[in-house]
Amino acid sequence: MPESTAGDAAAKPIAYNSARFLTSASKVAECPTDEGSEVAFAGRSNAGKSSAINAITVNSKLARTSKTPGRTRLINFFTLNRPGCRLVDLPGYGYAKVAKDMQDDWQQHLDDYLSRRECLRGLVLVMDIRHPLQDFDRMMIEWCEHSGLPLMILATKADKLKSGQAKQAMLRIRKALEGLECVEHLIQFSALKKQGLDTARDALTGWLESEPHEITVAP
Ligand code: GDP
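Structure report, in brief.

Reading guide: rules and limits
Residues numbered from 1 in each chain as written. Predicted model: local features only at pLDDT ≥ 70, side-chain atom pairs only at ≥ 80, totals over all residues. Heavy atoms only, no water. Helix = DSSP H or I, 4+ residues; strand = E, 2+ residues; numbered from the N terminus. Buried < 20%, exposed > 50% of the residue type's maximum accessible area, 1.4 Å probe, protein only. Contact = heavy atoms within 4.5 Å. Phe/Tyr/Trp six-rings, centres within 6.5 Å; stacked < 30°, edge-to-face > 60°.

The residue Pro13 is located in the segment before strand E1 (20–25) in this model. Since its relative accessible area comes to 64%, Pro13 is described here as exposed. Beyond its immediate stretch of four places on either side in the chain, Pro13 contacts Asn81 and Arg82.

A word on helix H1 (residues 49–56). With seven of eight residues buried, H1 lies mostly within the body of the structure. Tucked into the core, H1 has its buried residues touching strand E2 (37–43), strand E4 (85–89), strand E5 (120–128), strand E6 (151–156) and helix H5 (197–208). Of the residues trailing H1, Val58 is marked for its positive phi of about 50°.

Attention shifts here to the packing of aromatic side chains. Considering all chains together, one arrives at one aromatic pair under this definition. On the numbers, 6.0 Å between centres and 65° between planes, the contact of Phe21 with Phe78 is edge-to-face. Remark: Phe78 occurs in strand E3 (residues 75–79) and Phe21 occurs in strand E1; sequence separation between them is 57 residues. A relative accessible area of 1% means that Phe78 is categorised as buried.

Set out below in structure tokens:
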């Protein structure tokens, strides 16, 4: 019987708690073979990216791998129970006060990954709901808009706001993103309160089972 692959409707459902660390890469050339489907997570340091990955995969230790010394600046890959499907933890932006040439280096690897990875189906941008749309976030959103890469925004740490305030914050974010075609999902999220997990998982599955998007290289 042929091995089931990404996009095989008859394959068993993707279970996010099956996520396991696969490998780290410091540049695109070191990434796993560019086939199957991948969804990458990006965010400013401290935005809550690791907590979001851990909550989605129900594995409190998973993204800790990405935080161990020596791995914070690497691209970390996680396999799932569906062959060929992977989650990818991109390095947190602004981790410590690194020298400008290191930031440039990081930016170059990120650019390379985003522009050259054909199996990339979408980008999850994790933002603190209390401090949304910072420069880095805007840069990533612009990149997705120009390159046609589908974007999911997790507005996380929603538990830190009262429900009315969270609702207002979501409205403001939605308004700021109006007219952008890349934004496919905007999800109020809390790793702590497990809010938005199923919505995020369903969206991830939709992407992982999707066909490749048309890549247009950003200017
Ligand atoms: P990363 O640097 O983006 O990976 O951020 P972390 O996931 O390490 O989170 C940074 C800090 O925010 C940690 O102290 C987390 O415990 C906290 N945090 C992350 N997500 C949430 C959340 O949903 N709610 C609350 N209250 N705190 C969170």
